[in-house]
Amino acid sequence: DPCTKGSLELSLLSPGLSFVSCHASTRDRAGAAAVWLKLSDGDVSLEDVLPKSLSKIAILLSACETGVFRVADGDYPIGAIPELLRRGAAFVVGTRYTIRIPFAAFFFPRFAAELASRSAPADAFAKALNAAEAAGYNLWRDLASVEMYRHQQTFFQPPIASRT
């Protein structure tokens, strides 16, 4: 199925696993970085399709720069992964750096299959990485490009205002 704005919004509102496989880029939007998804019905800002709460779903970001983020002033993370976690995703698997297509095509189906077999997310992630390494994918060029982030109540939260 093509990845459209409507299908993405529906996927992000459904409980369970949301597999987002579309190209993206990080662009400046009014002085701040924004993730723009390249959907089959046109480009859209990630912020424009995200619900306020993600109901603890798990999200896999599997293409190019979909999950790439940067650290802004004050060590504040900006990008898809921190925004998904801020909105309540149970965990997000994505890339800190641009990912190569052959590796993504190998890794993500194996990771999803491990999750479907009821492996714990961290175990599924490790098994998929081990399979990729055994298949000859390079540790630094491929395996190091994909990361798993887990939601923690205080992780990626804005600082609490000081009391006066």
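Everything here concerns the structure above.
Here we come to the environment of Leu85. Following the sequence through the fold, Leu85 ends up in helix α3 (residues 80–86). Judged by its relative accessible area of 0%, Leu85 is buried. For the pair Leu85 and Ala58, spaced 27 residues apart in sequence, the C-alpha separation works out to 9.7 Å.

Moving on to the environment of Pro2. Tracing the sequence through the fold places Pro2 in the segment before α1 (5–13). On the basis of relative accessible area, Pro2 is assigned to the exposed category, the value being 54%. In the structure, Pro2 is positioned 20 residues away from Cys22 in sequence and 9.3 Å away in space, judged by C-alpha atoms. Residues within four places of Pro2 in sequence aside, it is in contact with Ser7 and Ser40.

Attention now moves to unusual backbone geometry. You will see that Arg118, though not glycine, has its phi angle at about 75°, which is positive. Residue position: Arg118 is located in the loop between α4 (101–116) and α5 (121–134).

Residues Leu37, Ile59, Leu61, Leu84 and Val92 are the most contacted members of the largest nonpolar core, which totals 24 residues. Among the elements of the structure, α1, β3 (32–39), α2 (46–49), β5 (58–61) and α3 are those that each provide at least two residues to this core. Of the residues forming this core, the biggest block, four residues, is contributed by α3. Formed by 20 residues, the second largest nonpolar core is a distinct cluster that contains Ala58, Ala104, Phe107 and Ala132.

Applying the stated criterion across every chain, the model contains five salt bridges. The residue Asp142 makes a salt bridge to Arg100 at a minimum N-O spacing of 2.7 Å. Taken together, the positions of Asp142 in the loop between α5 and β9 (146–150) and Arg100 in the loop between β8 (91–95) and α4 put the pair 42 residues apart, joining distant regions of the chain. Owing to a relative accessible area of 31%, Arg100 belongs among the partly exposed residues under this scheme. The partner of Lys127 in a salt bridge is Glu114, and the shortest N-O contact between them spans 3.7 Å. Of the two residues, Lys127 sits in helix α5 while Glu114 sits in helix α4, which places them 13 residues apart along the sequence. Note on Lys127: relative accessible area 44%, which makes it partly exposed. Salt bridges here are not isolated pairs; linked through shared partners, they connect Glu83, Arg86 and Arg87.

Parameters and conventions
Residues numbered from 1 in each chain as written. Predicted model: local features only at pLDDT ≥ 70, side-chain atom pairs only at ≥ 80, totals over all residues. Heavy atoms only, no water. Helix = DSSP H or I, 4+ residues; strand = E, 2+ residues; numbered from the N terminus. Buried < 20%, exposed > 50% of the residue type's maximum accessible area, 1.4 Å probe, protein only. Contact = heavy atoms within 4.5 Å. Core = buried A, V, L, I, M, F, W, Y, C linked by side-chain atoms within 4.5 Å. Salt bridge = Lys/Arg side-chain N within 4 Å of Asp/Glu carboxyl O.

The analysis is restricted to geometry; functional conclusions fall outside its scope.
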